[in-house]
Amino acid sequence: MSQLDQLPDQDPEEIAEWRASLDAARDFGGPNRAAHLLRRLVEHAELQRLDVPPLLDTPYVNTIPTAAEPEFPGDEEMERRITAWNRWNAAAMVTRGNHRGGLGGHMATYASAAWLYEVGFQHFFRGKEADGSGDQLYVQGHAAPGVYARAFLEGRISEAQLDRFRQEATGDGLPSYPHPRRLPWFWEFPTVSMGLGPLSAIHQARFNRYLGARGIKDTSGSHVWAFLGDGEMDEPESTAALALAARENLDNLTFVVNCNLQRLDGPVRGNGKIVQELERRFRAAGWNVVKSLWGEAWDELLARDTTGALVRRLGEVPDGQFQTYAASDAGYVREHLFHGSPELRLLADTLDDRRLIETVATSRGGHEPRKVYAAYRAALEHRGAPTVVLVQTVKGWTLGPGFESRNANHQMKKLSGAEFRAMRDLLELPIPDRALAGELPPYAHPGPDSPEARYLRERRAALGGPAPARRVRFAPLPTPPAKPFETLFKGSGGQEIATTMAFVRLVKDLMRDEATGHRWVPIVPDEARTFGMESLFPTAGIYSPLGQTYDPVDRDQLLHYKESATGQILNEGITEAGSMASLTAAATAYATHGEPVVPFYIFYSMFGWQRTADQMWALADQLGRGFLIGATAGRTTMTGEGLQHADGHSQLIASTNPAALCYDPAFGYEVAVIVREGLRRMYGSSAQHPHGEDVFYYLTVYNEPLRQPALPAGEEVADGILHGLYRYRTADAAALSPGLPADPPRLQLLASGTAVRWALAAQRLLGEEWGVAADVWSAPSWTELRREALECDAADLARAAAGTDGAARVPYVTRALAGAPGPVLAVSDWMRAVPDQISPWVEQDWTSLGTDGFGLSDSRTAARRHFGVDAESVTVAALAALARRGEVEAETVRRAAKRYGVRF
């Protein structure tokens, strides 16, 4: 029985006839012939747009037959010479670096992929000079030496810079890998954290479409190219968004996977075939697949393969074995590859040993510019889906038999003098023997006025200027209107709202601004309603290139679900990784496209830095700007959700990222002050930063509805919020009943986020029940306090080392607390290490409370008592701090703990 038997069939006899025809084809021509006929029929059906399942893999040959290859538009001999110079200088740079400082580098990856880049640079990759955007190039990290070598030939990088490869401490060296923060005029995208490049490339291509759909920038001329390794495709992030790219028809995207069959330490699929596996995966996801596996030397053999024996043999040999063939002599190849049938032996006999080895060892589609050009042209001409080009190469090609196809070549950092001479001869470079007599191989350049240099300049001029290149050219955004901020400055009156909602209300009001509102990019991983963002659905709309092709089930409600081709919200689904990739594309649009937008990504704080911190580092590497909003923050505010949702550590992880400005605001007005300052710093202009600052903001906000107070009077409050600390309420201003005794013991309570409320409650308990005066301070940023203090220490050390006079720089936290009586007790909904960041610069006795350990499911009250951070626990800890100084009796601490039932 067949699944199709469930469906009515108007002509079962026709089905029987087709089955009989297939049986006859099998009986007459054999099973391989029958299978070939079926493949051709399915291929024809796809071309006729019939609704049939696509083939998930195709024979192990090139997708584009030689007869169908387009005419090569360039001077192939000239480009061969240019590529030879690049190969030489890339190897020389790495070898010289290793000889001089043991700094190493990678040679084998670029050696295998040189033509993949060179064909693109000469004929496809568009620069930024035409439209400010150009193409976006995600260069494989380990291939960076080759891109530097090409820039040297173009005159964009000097010989002195090449000699400072991996020597960045002086500020003018070249980073090991693509790194915008270290070489911001050159690289656009950091890619060596494997897997992030392909994920980011997909969301960059999608964001390009988003910009066009929303009328911000015409990006129709931009194409995204992502160069990847076959081993890198094992990373889950590499294939995480394949379905998104196909679903949204991103034909502005091309993956180029360099299939040299090797990972860092061995074969990618020693017992399988990585090309076929990747083809199946991409085709199943809806991508167009172009394979460029074999070079011209194979064309003649395949043309003689009238029985298909060779194609079948190539399809069954595992990659690990084929790698061995590429590094073996002719006898081994004849015995092991061309065996199993007389047809194979006859094919092998048509080639002498030299020609056989050239064919099997090095003739690959990725080493021949015509094959690569044909694949790239097919990718650009395909419409309706993204394309992956699977290109087969030999890792370490042209570096000699000691490198080519060797498992250890990824770790081989230099060539010997004899190997360089052999490489020179193979590449036919005019480098005399005397230049190779020294220990270090020389750099080689045909001259700035040579035909090669002129050809390079002409080709790049025709394509819109240099690439890769990063440019920051944009007008700062207008100052946002004051009213949205003033609304939060006034407080919420009698209404209880959480700081999460305060942020959402602020952004919703800012999105209404005619000048800049359309530039906000809300990003959320399918939890918009959790964060109170459903009010944005009908007004801003959810971006979908298809619009909304259905009637939403809640269409009769005011806050109905609305998708739109011009929607503003990027509702990513359940993917924090995809959301971060979208944020990165938006956060760098000011440089990629010269169009600043203001993205904010709001998420469960537990699922941010813990889950996608690598991408947050990539965001910093790429000089991204925007707002990360860790909602439902803290270890104890998520009632009932338990351990996996209870975040008590993201502020600590975030503090390790130098580009992240980390805040834990307690009140809505603090949120407003921080966001206003963030917009000024990232999207405004100053003498020091005419195009804004390369930072991003991390705010943790809470889901605990509380009355929001108004912004206290005084300029020092806003200044204190931004620095990270200000006195919110003194003991004398707390209106305690009864009042404090004449000369009470005193202390300072420092708190952040939702813990400020516990400190305020403890202030009242201490004053009314124990006669202790406690001042309460809000600490919106422990991290910024620490960073400023470290800067002060560094300045003092530099002054001392230089022997110059001058007053010591006193950290802000020290100055703010100067003269404050009593010990300091810090408390937060984070582990103690978060507030403990500032303890070295607090002159008073220091104690902290926090939520160290695993989270748990319970009410907020029970969870806070469990961790010892509720008001009663703070009260007991404060009395204990005073008792250690002899300012209250030890018995007082015991009585307080017993009264409140507190056990630490």
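Throughout what follows, the structure given in this document is the object of discussion. (Residues numbered from 1 in each chain as written. Predicted model: local features only at pLDDT ≥ 70, side-chain atom pairs only at ≥ 80, totals over all residues. Heavy atoms only, no water.)

### Quick word on the packing of helix 4 (residues 108–123) against helix 5 (residues 144–154)
Then step 1. Orientation of helix 4 relative to helix 5, taken along the N-to-C sense of each, is 45°, at an axis distance of 9 Å. For the element pair helix 4 / helix 5, the angle class is oblique. Where helix 4 crosses over helix 5, the two elements pack in a sense that is right-handed. Of the residues in helix 5, those touching helix 4 at Tyr110, Glu118, Phe121 and Gln122 are Gly146, Val147 and Arg150.
Then step 2. Counted by class, the contact of helix 4 with helix 5 contains three nonpolar, two polar and two charged residues. (Axes fitted to C-alpha atoms, helices over the stretch in contact; angles between N-to-C directions. Helix = DSSP H or I, 4+ residues; strand = E, 2+ residues; numbered from the N terminus. Parallel < 35°, antiparallel > 145°, perpendicular 65-115°, else oblique. Left-handed = near helix turned anticlockwise from the far one by under 90°. Contact = heavy atoms within 4.5 Å. Nonpolar A, V, L, I, M, F, W, Y, C, P; charged D, E, K, R; others polar.)

### Details of the environment of Gly886
Then step 1. Along the chain, the position of Gly886 falls in the loop between helix 32 (871–884) and helix 33 (890–900).
Then step 2. Relative accessible area serves as the criterion here: at 61%, Gly886 is assigned to the exposed category.
Then step 3. Sequence-wise, Gly886 and Val94 are 792 residues apart; in three dimensions their C-alpha atoms are separated by 66 Å. (Buried < 20%, exposed > 50% of the residue type's maximum accessible area, 1.4 Å probe, protein only.)

### Focus: the nonpolar core
Then step 1. Counting residues in hydrophobic clusters, the biggest one holds 88 residues, and the most contacted among them are Phe627 and Leu749.
Then step 2. Contacts of Phe627, omitting those with residues within four sequence positions, involve Trp520, Leu583, Val598, Pro599, Phe600, Tyr601, Val675, Gly678, Leu679, Met682, Tyr697 and Leu699.
Then step 3. Met93, Phe124, Phe186 and Leu429 belong to the second-largest nonpolar core, a separate cluster that totals 68 residues. (Core = buried A, V, L, I, M, F, W, Y, C linked by side-chain atoms within 4.5 Å.)

### Examining the sheet that holds strand 11 (residues 598–604)
Then step 1. One open sheet accounts for six strands, arranged 10-7-11-12-14-13; its pairing is parallel. On the outer flanks of this sheet lie strand 10 (570–571) and strand 13 (660–663), each paired with one strand and no other.
Then step 2. Taken together, the five bridges between strand 11 and strand 12 (residues 627–631) define a ladder with parallel strand orientation. Each residue of the ladder has a partner; that of Tyr601, found in strand 12, is Leu628.
Then step 3. On the sheet, helix 20 (residues 499–510) packs against strand 7 (520–524), strand 11 and strand 12 and is oriented at approximately 155° with respect to strand 11.
Then step 4. Across the sheet, helix 22 (residues 576–587) lies against strand 7, strand 10, strand 11 and strand 12, angled at about 165° from strand 11, the strand it touches most. (Pairing = 2+ DSSP bridges.)

### Brief notes about the pattern of salt bridges
Then step 1. The tally for this structure, following the rule as stated, stands at 56 salt bridges.
Then step 2. In this structure, the salt-bridge partner of Asp234 is Arg263, at a minimum N-O distance of 3.1 Å. Linking Asp234 in the loop between strand 2 (224–229) and helix 8 (242–247) with Arg263 in the loop between strand 3 (253–259) and helix 9 (274–285), this pair joins segments that are 29 residues apart in sequence.
Then step 3. A cluster of three or more residues bridged by salt bridges with shared partners is formed by Glu77, Arg80, Arg81, Glu428 and Glu452. (Salt bridge = Lys/Arg side-chain N within 4 Å of Asp/Glu carboxyl O.)

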